[in-house]
Amino acid sequence: MGKILDKKDLKCFFEKLQKIGEVVAPVKNENISFKPVKKFSEVCFEGRSMFPIKKYFLPTKEAIAEIKNDAFVEKNDFKKRIIFGARLCDLNGLLVLDKLFLDPLYPDKIYAIRRENTILIGFACKEPLSDFCFCESMDLKDYYDLLITENNEKYYVSIGSKKGANLVTEYKDYDINLKKPVCKKKLKNKNIHDFFDEKFWEKDALKCVSCQRCTLLCPTCLCFDVADEMNIDLKLGTRNRSLDSCHSKDFTLVAGGHVFRDTKLKRYRHRVFHKIQYFKDKFEIPMCVGCGRCMEFCHSKIDFVDTINNLKK
Amino acid sequence: MTKPKVAIHSITGCAGCQLTIYFVKDLLLKLLEKIDLVAAPMLKEKNNAGPYDVCFMEGLVASKDDLEHLKKIREQSKILVALGTCATHGNVPGIKNSYSDSTVVESRVYKNLNLKEQIMPLKPAPIDAHVKVDYYISGCPPEEKEILKFITDLLLGKKPVIYDEPVCVECSLKENDCLLERGEECLGPMIRGGCDALCPSVNHGCTGCHGPLSDANILQGIKLLEQNGVDIKLIKKRFHKYSYDKFSELEEQAKKIKRKD
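Residues numbered from 1 in each chain as written. Chains lettered and ligands numbered in written order. Predicted model: local features only at pLDDT ≥ 70, side-chain atom pairs only at ≥ 80, totals over all residues. Heavy atoms only, no water.

Trainee: Would you explain the sheet that holds strand β9 (residues 154–159) of chain A in this entry?
Mentor: Two orientations exist for strands paired in a sheet by backbone hydrogen bonds: parallel and antiparallel. Residues and elements named next belong to chain A. The sheet built from eight strands is open, its strands ordered β3-β2-β6-β7-β8-β9-β1-β10 with mixed pairing. Pairing within the sheet leaves two strands with one partner each, and these edge strands are β3 (32–36) and β10 (172–174). With strand direction ignored, the average angle separating the axes of adjacent strands in the sheet is 30°. Two elements, strand β2 (residues 22–28) and strand β6 (residues 81–86), share three bridges in a ladder whose sense is parallel. If you follow V24 over to β6, its bridge partner there is I83. Packed onto the sheet, helix α2 (residues 88–101) meets β6, β7 (118–123) and β8 (146–151) and runs at close to 145° relative to β7. (Pairing = 2+ DSSP bridges. Helix = DSSP H or I, 4+ residues; strand = E, 2+ residues; numbered from the N terminus. Axes fitted to C-alpha atoms, helices over the stretch in contact; angles between N-to-C directions. Contact = heavy atoms within 4.5 Å.)

Put into structure tokens, the structure is as follows:
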């Protein structure tokens, strides 16, 4: 159920969005990247951005507070933003981030405000975007305000929220079932508790160069580091939050100089377990959304799905 | 608060590393308000001997003179910082170590190899081959922001943590198109970043001026470059340009692990 638009309507709709706030959409240069976009013609309707949309909620590095002579002034971000053209895997990535950052006990203020002020409009995939996509195995939810499916120059807009519904009231309804993409790649085993033994992961870990791209480009990897940076006058400074990665050796460095996960093997295995097992044990959904970026953008093309599928006791 | 006594000394090198400190321009005066720069022979006419609270040592040991100077400075410094890739990894002069016979290189430079003892070449080596080093800030030249952060941390009484992540981290965060993925030559995954991926951001592969990561996966790195059609001889030359000894050490370690398998 939803609304139907033709190409002209979609352009008008896009222009209408410009009046609501900053529209960010995928733009293709050397690779595809989400950027503020003013013209409809700049929007790239194919492929998927290398960097996920998490950057609009959890920037790679940002000052969360200003330090002025020992006092802290918390920063905020009330910018109205429309994300236009995110894929369903990325939108489900937000569902994962929400589990942590919108936790009623420990909500993250700046994240919550950004989520509140952002409208999420997705593009449905007609076909898997890469050989590494396996989202079908991850049971993605309809987590968006609007989702646009293109079919023969017509745009079918499914409505996922009241916020979304209010944007498209003037268009005609449709009532057909839209096809979902079928992924070649499948994750066959989502319970890997019994496979913690090092021998299962050694072969992959030898290929790991610790470049951290699997975590930095992951739509659900949210680990961050907080550090104060002072100007040389030692009076003014900022408290910065920046993306961190469990593939970094310093990630588990503690006082006294001990590193808990001191080998690439321990770090790689930990990431896979967190994505597939640990998070699910705690929050009921797996942390992985099946976008395949961690394999596609891995220098050594380490394929953890293949490894899991071949796990045998 | 008494200002910490800071010194900037130099042995064999191009002096580019200490220039990085002097070139902080508008911040230099503010910096000088916080520290007491008691010795900086490149900048000052009058230079005090130690004791120093912090001494930045630039350059590598390549002669007897260098070694004597370094040892004297080490004794006088509470904290000794190896500044720049010469001091941390041996850098370009260290290429000489790839020749089993050092006179091959020396005979190209000196007409007469019977040199006076003081300038008689020693095996080029990073300073920690001879003295204890407290902190390492590599880079050819090192990054201004790293030096400033280091000094600020010390002034605040914090233990400085030196960035130890590969170039790929900053490169990916800048959403650069990966040069390795495009089939080009880039040493990024094996090299310590902190440079904000300067070279890959302008489409030039990383050549490794910060020296290798402390836990670089050299064997896989070589494999990736070979997949991209880079000749193994060239790969070795790239490695050896900035840090012959460290790369050789990491390679040996990796081979040992592989043999065990």
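Trainee: So what exactly am I meant to see when it comes to the packing of aromatic side chains here?
Mentor: Any aromatic ring pair is given by two values, namely how distant the centres are and how the planes are angled relative to each other. Summed over the entire model, instances satisfying the criterion amount to 19 aromatic pairs over all chains. When the ring of Y135 of chain B is compared with that of F150 of chain B, the centres are 5.1 Å apart and the planes differ by 75°; the resulting orientation is edge-to-face. Remark: F150 of chain B occurs in helix α6 (residues 144–155) and Y135 of chain B occurs in strand β7 (residues 135–137); sequence separation between them is 15 residues. Take Y135 of chain B and F150 of chain B: they sit in the same class, and that class is buried. Linked through ring pairs, F14, F40, F45, F84 and F123 of chain A together constitute an aromatic cluster. For the cation-ring pair, R115 of chain A lies above F57 of chain A, with the distance from its terminal atom to the ring centre recorded as 5.8 Å. In this structure, R241 of chain A packs its charged tip against the face of F224 of chain A, placed 4.8 Å from the ring centre. (Phe/Tyr/Trp six-rings, centres within 6.5 Å; stacked < 30°, edge-to-face > 60°. Buried < 20%, exposed > 50% of the residue type's maximum accessible area, 1.4 Å probe, protein only. Lys NZ or Arg CZ within 6 Å of the ring centre and 35° of its normal.)

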